[in-house]
Every structure is written in C-alpha cells, then in structure tokens.
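Observations on the model geometry
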Amino acid sequence: MLNAAAVARHEPLVRWIHVPTVVLALSLSLVAFVRLYFHAERAWLAWFHLRRDMIARSMGNSEESQTISGEILGFQEAPPTGMSKPGGEAARVRRTGLWSHFLSYEWSSALLYLFLDVVSWLVIYRVAGWFRYDAFYATPFQFFVINLIQLGVIVIALYFVGGYDRTVEKLTLGYTAEHILAVTAAGVVSATLIYSAATFDQTMKPSRGVLLLSFAIFLPVSLAYRRWIRQYVVASSASRSFLVIGGGATAARFYEAYRKSSNGQQLEFVDVNEERVGQPIAGQGSPIVQGDLAAKLKNLGNRYSGIILAAKASSLSTQLLERLVHAQFQETRVYTLESFYESQWRYLPLGIIDPFWPLQSGFQLARTSPYHYLKRLFDVVASSIALIICAPLFVLVALLIWIQDGSPVFFRQERVGRDGRRFILFKFRTMRHSDEADEDIYTRKGDRRVTSVGRWLRKLRLDELPQLWNALKGDISLIGPRPEWSKCAERYEQTIPFYHFRHLVKPGITGWAQVNYPYGESDEDAVEKLKYDLYYIRHYSLKLDAMIVLKTLYTMLFGKGR
C-alpha cells in the first residue's frame, strides 16, 4: 500500500499521462497526413505514366503522338533520345523526397513550425515539472488552461518576429537575436499572467524554477528546428523559378531589385506581345526574355514558385487574366509587383504607386480605428514610465556631455510632424556645438563633428531619450517614420515623388525604416527609407509596431545604431 506521501510524490507522474495522449494524437495526425500525401502523390504518378503509355501505344510512338499526349496531359516532355535509366523516375522522386515536396507548399513550413512549437512546449514544460516533483495545478483542466495561455503568448511573440513566415531568413544572426528577444518576452508575459492568476486561486502554486527552466530549454530548441527546416525550405525552392510576365522597363527595374536581394530562386521573363523575345531583360548577363506564355502556364506547379505580373493589366487579354485568376486560387500564387515587394521584402517602391495610392482599400489610417486611440494611450503610459525609470540615466548622460564639450546638453531642432505640423524636437547633443552650422545636412560615417561620447550615445540610441518628452506631449509617437528636419523635408518634397505621403502618420522615435535600413547620409538613402515608410503607412497595425519594438531592442542591445 502506498502512503499519502508517496501518492503526493507521484502525483506529477500520474498527471504526466495526460500530455502523451495529446502529443501522441497530434503526432499521429501529422504522420497520417504526410503518409496520405505521399501515397496520393505516388498514385498520381503511377496513373500519369499509365495514361501516357496507353496514349502512346494507341497512337504509335511518332512525334505526333508525343505532341498530342503532351497537350492532353498538360505539359510537353522532351522526346526520348535513348534508353531510359532503370528506375529513372523513381530515383528522381527519391532524390526530391517527400520532405522537399511537402515543404514546397507555402503553408507547410508555418504548419510545421506551429506543430513543433506546441509539441515541444508541452513535452518540455511537463518534463521540467516532473523532474522537479512539482504538482502545482489542482486539476488537469487547470494545467490545460495554463498551457494554452503560455502557448498563445509564445505563438504571438514568434509571429511578430516572423517565426512562422517562410520568407523570413532564419539562418541569420539578426533573426536569432529577435527570436531570443521574442521568447524572453513571452516568458516574462507568461510569468506575469500565471502569477496574477495564482493570486486569485489559492490551489495554484506555480514554480518559478519550472517556468524559467522550460523557457530556457524551449528557446534553443525552437530556434534549432527553425534553422533546420529553413535549410530544407530553401533547398525545396531552389529548383523552381518565378515566372515574370513582362519584358519592358518595369520588368527590368524589378530584375535589378531582385538581383540585389537575398532571394536565391531564378527568374524567367516572358513577353506577352513577344516583341522582346530573345533579348536580355536588363543588359548583358541578365536573363533572356522568352515567349510562348501559354505553354509555360500549363506546367505551373512543377516549375514555378509563383507568377509575378510586371506588365500592365490593360496589356493582358481577357483569357490570360482568367487563366491567372484560376492559377491564383488553384495552382500557384500570382503576385502583382506591389504585393511581391510587400510580402517578400517588406517595402514599397516608388515606381509602382501613383497619387491615388492612399485611396486604395485596406488603409487603417483612412478611418478612425480603435488601435489609433490605443496607440496614443500606450504612448502616454510608456513614455511617462520611461521618463521616470530613465531619470538617473538622464543625469548621467547630461553630465558626460557637459564634461566633454560643455553646454548646451540638449539639442533642439524644428521637425515636421503629422499633416505637416512643425514642432521642436529634443535630443541629447552628440555633435560639437561649434560645428552645428556646417553646410552638410547629413551625419556621415566617421563624421568629425560627432564627439566620442556622442558616438556611443548614437550607437546605443541613448541620444533619442529626450524625445520621450515629445511623445508624452503628442508631437510624435513612440513608433512611426522618423521626424525629419524641416529644412530636409522641404528639400525632399521638391525632389522625391510622393514624399508627402509620410506625413499621413505621426512620426516616431523608432520606425520600420530605422530598423531595416542604415542611417541615411544622402538623398538616395532618403528615397530608400521612404520605401519602408510607405510600407509602414500601408500596414499600420499592432503587429507591425510590435515587430519594430523587438527590432529596436536588438539594435540597442547589440549596438547597431549610428
């Protein structure tokens, strides 16, 4: 017979039975789905080859039969030049593998990341509690609710940094830092929620050790399988290209932008009117423009990751537009240039927008939304708390500036805000006051005007702290496009198309352009940063603001400022 102490000691082991049941059910579901997909694919391949052989036998092995069978089955195969290798098709399928086929779908990696996050967290959290002999939940239902809350916080945090986005490069140091910050933030929020709930329910006795240990283990594990899966995602897409419809100047500009990006897939350009067939799209060494678009559209799923429209819709026939709509809903994704730039590179080029761009549907700024007021409330609360917490830092920074270069400690400058309204912005002075009247309006790398203290303040973004007062007053927000010096804004509005659009939103201390593009030191940099500002205006949301916060923390912690 077990005494009461033994029963209490083994209570966590009894509750542990509930978790394998859930994990096993999820695992079996995924395995069943994968096996079903694999068998369906093999059955389709077998039917395909059987159907092709029947057509070839009925019509002979002439060139005509090969052409007709290609038209019937949806694509044209190269005529055989000799004996095929034994098991050639099977070998090809084995080389490609079920794994690569599965990851070729846009939704597959997100589903796999989510599945592994749920399973790994449930296992890690329960194992950590079991080894520490912690039984701090009265019922299995209580355990389920707490885990649901924790998983919700984890998923939201990782979603904000692109943890479920297949287009986000997860092998870089930058994403690694953002992932660490996201999981750490999720741990803090989870602990706050759990311990707040424990104050109202005396049966809950949460263990700080279990929670801390679980997040400490989950962080490297979740990052490791994301990096591992990312390698296969890249490999599964390497053999397929993007089909670009268009052969004119717009397509050439897109090629130049694509060539400078990190995308590794090839581009195939096809001219609808076949006027530029056989010519390079953007000079020597660039892809050759091809023709026969109808033939390429017959084999979309096997050859192309997507279709990119780099031609005006008015130049496309009704039949072609209908075919593209069919492809978008049933075969492969069709991008406009705007949607491709936004989804892949998170910015919006100036060449594809017009003066009516803000009148398009989907702009949250075009109407009063609850988030607009919530953001202002957050600005007031967060800037007030930050000013109080950073008060000792204000004194220290001011003292360092005064010791090195005397007064004034603060730098004041007229900036342009929302709707073109002028206001005075405050910052810690980082440049020698005797040189501030210099004609050069840009601060360049290694600028002699920046003091040694100022260089460190810029690197850690501490020179921006006095702007918290501007945020509290309502001149700016914590997050938004950079408030430009009125002298620069007047110059840009005359030379940069659509620059005035950035005044549709309130400027901020940090923003999407600041965390994605280096410090600007030329008019060309101002154009590049405007592309990111336009993206922010288009996708103004809580999600995007949360991503900016995490990226800003990464910049501050790792000294990426300038």
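Note that the structure is a prediction, hence the values are computed from the model and not measured.

Conventions adopted
- Residues numbered from 1 in each chain as written.
- Predicted model: local features only at pLDDT ≥ 70, side-chain atom pairs only at ≥ 80, totals over all residues.
- Heavy atoms only, no water.
- Helix = DSSP H or I, 4+ residues; strand = E, 2+ residues; numbered from the N terminus.
- Buried < 20%, exposed > 50% of the residue type's maximum accessible area, 1.4 Å probe, protein only.
- Contact = heavy atoms within 4.5 Å.
- Areas by Shrake-Rupley, 256 points an atom, 1.4 Å probe, with all protein chains shown as cover.
- Expected span 1.5 Å × (residues − 1).
- Axes fitted to C-alpha atoms, helices over the stretch in contact; angles between N-to-C directions.
- Parallel < 35°, antiparallel > 145°, perpendicular 65-115°, else oblique.
- Nonpolar A, V, L, I, M, F, W, Y, C, P; charged D, E, K, R; others polar.
- Salt bridge = Lys/Arg side-chain N within 4 Å of Asp/Glu carboxyl O.
- Pairing = 2+ DSSP bridges.
- Right-handed = clockwise from strand over helix to strand, strands pointing away.
- Core = buried A, V, L, I, M, F, W, Y, C linked by side-chain atoms within 4.5 Å.
- Phe/Tyr/Trp six-rings, centres within 6.5 Å; stacked < 30°, edge-to-face > 60°.
- Patch = residues over 30% accessible without salt bridge, like charges linked within 9 Å, V, L, I, M, F, W, Y side chains within 5 Å.
- Polar contact = N/O pair within 3.5 Å; in protein donor to acceptor, adjacent residues only side chain to side chain.

**Some details on the overall build of the protein chain**
- Secondary structure assignment for the protein chain yields 22 helices and eight strands.
- For the protein chain, the proportion of its 562 residues judged to be buried stands at 45%.
- Put simply, 73% of the contacts in the protein chain that link residues at least 6 apart link residues at least 24 apart.
- When the accessible surface of the protein chain is split by element, carbon and sulfur atoms take 63% of a total near 30,200 Å².

**Describing helix α21 (residues 523-538)**
- Compared with the 22 Å implied by 1.5 Å per residue over 16 residues, the 23 Å span of α21 between its first and last C-alpha is a close match.
- Counting buried positions over the 16 residues of α21 gives twelve, a clear majority of the element.
- Looking only at α21, the buried set comprises Asp525, Ala526, Lys529, Leu530, Lys531, Tyr532, Asp533, Leu534, Tyr535, Tyr536, Ile537 and Arg538.
- Taken together, the buried residues of α21 touch α14 (337-345), α15 (370-389), β7 (477-479), α19 (486-495), α20 (512-516) and α22 (542-557).

**Regarding the packing of α15 against helix α16 (residues 391-405)**
- Relative orientation of the contacting elements α15 and α16 amounts to 55°, with a least axis distance of 4 Å. Considering the angle they form, α15 stands oblique to α16. Across the interface between the two elements, Leu387, Ile388 and Ile389 of α15 pack against Ala391, Pro392 and Phe394 of α16.
- Grouping the constituent residues of the contact of α15 with α16 by class yields six nonpolar, no polar and no charged.

**Considering the pattern of salt bridges**
- In the structure shown here, the tally under the stated rule is 14 salt bridges.
- Ionic pairing is found between glutamate 528 and lysine 531, a salt bridge with its closest N-O pair at 3.1 Å. Of the two residues, glutamate 528 and lysine 531 are both situated in helix α21; the distance of three residues between them amounts to about one turn of the helix.
- Within the structure, one salt-bridge network assembled from shared partners comprises Glu414, Arg422 and Glu490.

**Regarding the pairing of strand β2 (residues 267-270)**
- Across the two faces of β2 the burial is the same, with Leu267 and Phe269 and Glu268 and Val270 all buried.
- Examined bridge by bridge, strand β1 (residues 241-245) and β2 share four bridges and lie parallel to one another. Across the sheet, the residue bridging to valine 244 is phenylalanine 269, located in β2.
- In this fold, the crossover linking β1 to β2 by way of helix α10 (residues 249-260) has right-handed handedness.

**Concerning the packing of α16 against helix α17 (residues 452-459)**
- Direction vectors running N to C along α16 and α17 enclose 150°, while the axes themselves pass 9 Å from each other. Classified by the interaxial angle, the pair formed by α16 and α17 is roughly antiparallel. Facing α16, whose interface residues are Val397, Leu400, Ile401 and Gln404, α17 presents Ser452, Val453 and Leu457.
- Classifying every residue of the contact of α16 with α17 by side-chain character gives five nonpolar, two polar and no charged.

**What to know about the nonpolar core**
- Ranked by size, the top nonpolar core spans 87 residues in total, and within it Phe254, Leu267, Phe269, Ile308, Phe340, Phe428 and Trp512 carry the most contacts.
- Here this core gets nine residues from one element, more than from any other, and that element is helix α9 (residues 208-238).
- Within the second largest apolar cluster, 17 residues are counted, among which are Leu350, Ile353, Phe498 and Tyr499.

**Considering the environment of arginine 240**
- Mapped onto the fold, arginine 240 is located in the loop between α9 and β1.
- Residues arginine 240 and arginine 303, spaced 63 residues apart in sequence, show a C-alpha to C-alpha distance of 5.1 Å.

**Things to note about the packing of aromatic side chains**
- Under the counting rule described, the total for this entry stands at 28 aromatic pairs.
- Between the aromatic rings of tyrosine 255 and phenylalanine 269, the centroid separation amounts to 6.2 Å while the plane-to-plane angle is 75°, which identifies the pairing as edge-to-face. With tyrosine 255 in helix α10 and phenylalanine 269 in strand β2, this pair connects stretches of sequence that are 14 residues apart.
- Taking relative accessible area as the criterion, tyrosine 255 reaches 12% and is therefore assigned buried.
- With relative accessibility at 0%, the residue phenylalanine 269 sits in the buried group.
- Taking the centre distance of 5.5 Å and the plane angle of 55° together, the rings of phenylalanine 394 and phenylalanine 428 count as tilted. Of the two residues, phenylalanine 394 is situated in helix α16 and phenylalanine 428 in strand β6 (residues 422-428); the sequence distance between them amounts to 34 residues. Taken as a pair, phenylalanine 394 and phenylalanine 428 share a single burial class, namely buried.
- Grouping aromatic residues by their ring pairs yields a cluster made of Phe242, Phe254, Tyr258, Tyr335, Phe340, Tyr341, Trp345, Tyr347, Tyr517 and Tyr532.

**Focus: a nonpolar patch on the surface**
- Residues Leu374, Leu377, Val380, Val381, Ile385 and Ile389 make up a contiguous nonpolar surface patch of roughly 540 Å² in combined accessible area.
- Summarising the element assignment, leucine 374 is placed in helix α15.
- For leucine 374, a relative accessible area of 48% translates into the label partly exposed.

**A few points about the side chain of threonine 332**
- Relative to the helices and strands, threonine 332 is located in the loop between α13 (318-330) and β4 (333-336).
- A distance of 3.2 Å separates a polar atom in the side chain of threonine 332 from the backbone oxygen of serine 305.
- For threonine 332, the contacting residues outside a window of four places in its chain are Leu300, Tyr304, Ser305, Gly306, Ile307 and Ala327.

**Some points on unusual backbone geometry**
- Cis peptide bonds are those with omega within 30 degrees of zero, and the linkage from serine 407 to proline 408 qualifies with 0°.
- With respect to the helices and strands, proline 408 occurs in the loop between α16 and β5 (410-416).
- Its identity is not glycine, yet aspartate 292 carries a phi of approximately 55°, on the positive side.
- Exposure remark for aspartate 292: the relative accessible area of 45% places this residue in the partly exposed category.

**Digging into the side chain of arginine 226**
- Along the chain, arginine 226 falls in helix α9.
- On the accessibility criterion, arginine 226 (0% relative accessible area) is buried.
- Sequence-distant contacts of arginine 226, that is, excluding residues within four places in its chain, are made with Tyr113, Asp117, Leu158, Gly163, Tyr164, Lys170, Tyr175 and His179.

**Observations concerning the sheet that holds β1**
- As summarised here, the arrangement of the four strands in space is β2-β1-β3-β4, forming an open sheet in which the pairing is parallel. The open sheet has two edge strands, β2 and β4, and neither has a second partner. In this sheet, neighbouring strand axes are inclined to one another by 25° on average, regardless of whether the strands run parallel or antiparallel.
- Along the sheet, α10 contacts β1, β2 and β3 (304-309); its crossing angle with β2, the most-contacted strand, is approximately 175°.
- Contacts from α13 reach β1, β3 and β4, with the element oriented near 120° to β4.

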